[in-house]
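# Residue-level structural notes
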Amino acid sequence: MADTVLFEFLHTEMVKELWAPVARRGGGMSLSVLEGLGFRVGQALAERLPQETLAFREELDVLKFLCRDLWVAVFRKQMDGLRTNHQGTYVLQDHSFPLLVPMGSGPQYLEEAPKFLAFTCGLLCGALSTLGFQSQVTASVATLPACKFQVVIQKS
Amino acid sequence: MSRPAHRRPEYHKINKDLFVLTYGALVAQLCKDYEKDEDVNKYLDKMGYGIGTRLVEDFLARSCVRRCHSYSEIVDIIAQVAFKMYLGITPSVTCNNSSRNEFSLILDKNPLAEFVEALPAGRSSLCYCNLVCGIIRGALEMVNLAADVTFLQDRLKGDSVTEIGITFLKKLDEKKCRRKK
């Protein structure tokens, strides 16, 4: 449906206009503008998800929920893989991330790829926040259009 | 689970909300970055223009619009096909002058402003949906039709409807028919 297309076009325009590199200090939580936008949207989206999903028992359930339900709701597909060290670090793998798919797959685009992941990192972080977890989310791309999101749950 | 996740109606709504919420966050961010309403409006228009220049290709690929022979046909297509396709609404169209190059799209409902009750305090000149004007302008320009597109009325500013004015700047050469958004 065309709605998704509008979001993708808006996202691309936002990356073009708003992306700026952010120096991260050790423990600092400064989010780039794009991550901040994603965070707000992630928070709001998580609030709209079906009520029964909000009664989680474990951290792992929350991550599974993000990989299945949230990803399907937002990107119309499930995350392709989830790994964890069972100590608060999770790696979410998407073999064909929709916001990267329109980019060419040559190595020259690899440099640009992180810009297209910033919003979504914020989205995950914001959704986790609504679900009761503080986190740090980063992303990396090895081969377009596959990418990995690393989620580190902060212990309070 | 009895139904596959992506068919649940809540998820469809969330997908629609994604664009509206992202747009809202963007406007809020621009209001932080720019003090003057005119600057936010201009920026939204500029971003919309960038989107429009690319969206028009997507539109033409998805729709089977025939060649247009008049500005009013073009505006009808914008209202009945493009708006319907991307925003799920069909604004009504009026022609505002006898030389038939000034038109209005009247929006009864504005999906972009679905979660907005009122403009933020101190932002009374903000054209919240100015992105849309830019999109229309950019799309038209990609098919060689220069136009001015602005909000003439805005429900968020207290008007009874939301009205987008489109003024074509050149006389359309009757012999040169162009496929249009």
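The rules we used
By convention here, each chain's residues receive numbers from 1 onward along its written sequence. Chain letters start at A and ligand numbers start at 1, both assigned in the order the entries are written. A pLDDT threshold of at least 70 governs which residues receive local features in this predicted model, and a stricter bar of 80 or more applies before side-chain atom pairs are shown or counted, although totals over entire chains, interfaces and linings include all residues. Values reported for side chains reflect all heavy atoms of the structure, with hydrogen atoms and water molecules removed beforehand. Cavities and pockets are defined on a 1 Å grid built over the protein atoms alone: a cavity is a set of grid points where a 1.4 Å probe fits but cannot escape, while a pocket is an open set with protein on both sides within 12 Å along at least five of seven lines, and lining residues are those with an atom within 4 Å of any such point. Grid points are joined across faces, edges and corners, and a volume is the space filled by probe spheres set on the points. Numbered from the N terminus, helices here are DSSP runs of H or I no shorter than four residues, and strands are runs of E no shorter than two. Residues are grouped as follows: nonpolar covers Ala, Val, Leu, Ile, Met, Phe, Trp, Tyr, Cys and Pro; charged covers Asp, Glu, Lys and Arg; every other residue, Gly included, is treated as polar. Pairing between strands is defined by DSSP: at least two bridges between them are needed. To obtain an axis, a line is fitted to C-alpha atoms, over the contacting stretch when the element is a helix, and the angle between two such axes runs from 0 to 180 degrees between their N-to-C directions. The contact criterion used throughout is that any non-hydrogen atoms of two residues lie within 4.5 Å. Three exposure classes are used, based on accessible area relative to the maximum for each residue type with a 1.4 Å probe and protein chains only: buried under 20%, partly exposed in between, and exposed over 50%. Side-chain atoms alone can form a polar contact between residues adjacent in sequence; in general such a contact is a pair of N or O atoms within 3.5 Å, and within protein one must be able to donate a hydrogen while the other accepts it.

Attention now goes to empty space enclosed by the protein. Residues and elements named next belong to chain B. Here the structure, examined in full by the defined rule, presents 4 cavities of 30 Å³ or more. Each pocket or cavity is described by its volume, and for the largest cavity that value is around 130 Å³. Forming the boundary of the largest cavity are 13 residues, of which Leu 55, Tyr 86, Leu 87, Val 132 and Ile 135 lie nearest the centre. Those elements that place two or more of their residues in the lining of the largest cavity are α3 (71-87) and α4 (130-142). Per element, the largest residue contribution to the lining of the largest cavity is 5 residues, and it comes from α3. Class assignment for the residues of the lining of the largest cavity results in 12 nonpolar, no polar and 1 charged.

The subject of this paragraph is the sheet that holds strand β3 (residues 135-140) of chain A. Residues and elements named next belong to chain A. Ordered in space as β1-β2-β4-β3, the 4 strands form an open sheet in which the pairing is antiparallel. Looking at which strands have only one partner, the edges of the open sheet turn out to be β1 (81-84) and β3. Taken over all neighbouring pairs, the strand axes of this sheet differ in orientation by 20° on average, direction set aside. Note that β3 and strand β4 (residues 147-153) share 6 bridges and pair antiparallel. Each bridged residue has a counterpart across the sheet, and for Ser 135 the counterpart in β4 is Ile 153. Each of β1, β2 (89-94) and β4 touches helix α3 (residues 59-75); the most contacted strand, β2, lies at about 15° to it. Helix α4 (residues 118-130) rests against β2, β3 and β4 of the sheet, and its axis sits at about 155° to β3.

Let's shift gears to the environment of Asp159(B). All names here are of chain B. Structurally, Asp 159 can be placed in the loop between β4 (147-153) and β5 (162-168). Using a relative accessible area of 31% as the deciding quantity, one classes Asp 159 as partly exposed. When near neighbours in sequence (up to four residues on either side) are disregarded, Asp 159 contacts Gln 153 and Asp 154. In terms of polar contacts, Asp 159 uses its side chain to reach the backbone amide nitrogen of Asp 154, at 2.7 Å.

Let's shift gears to the side chain of Thr162(B). All names here are of chain B. Mapped onto the elements of the fold, Thr 162 is located in strand β5. Looking at Thr 162, its side chain comes within polar contact range of the main-chain nitrogen of Arg 155, at 3.1 Å. Look past the residues within four positions of Thr 162 in its chain and what remains in contact with it is Leu 105, Ile 106, Leu 107, Asn 110, Phe 151, Gln 153, Asp 154 and Arg 155.

Another point: the interface of chain A and chain B. Taken together, the contacts link 30 residues of chain A with 33 residues of chain B. Across the chain A-chain B interface, the total number found is 4 residue pairs in polar contact (both at pLDDT 80 or more). Elements supplying a minimum of two residues to the side of chain A that touches chain B: α1 (2-18), α2 (33-48) and α3 of chain A. Counting residues per element, the side of chain A that touches chain B draws most heavily on α1(A), at 13 residues. Classifying every residue of the side of chain A that touches chain B by side-chain character gives 20 nonpolar, 2 polar and 8 charged.

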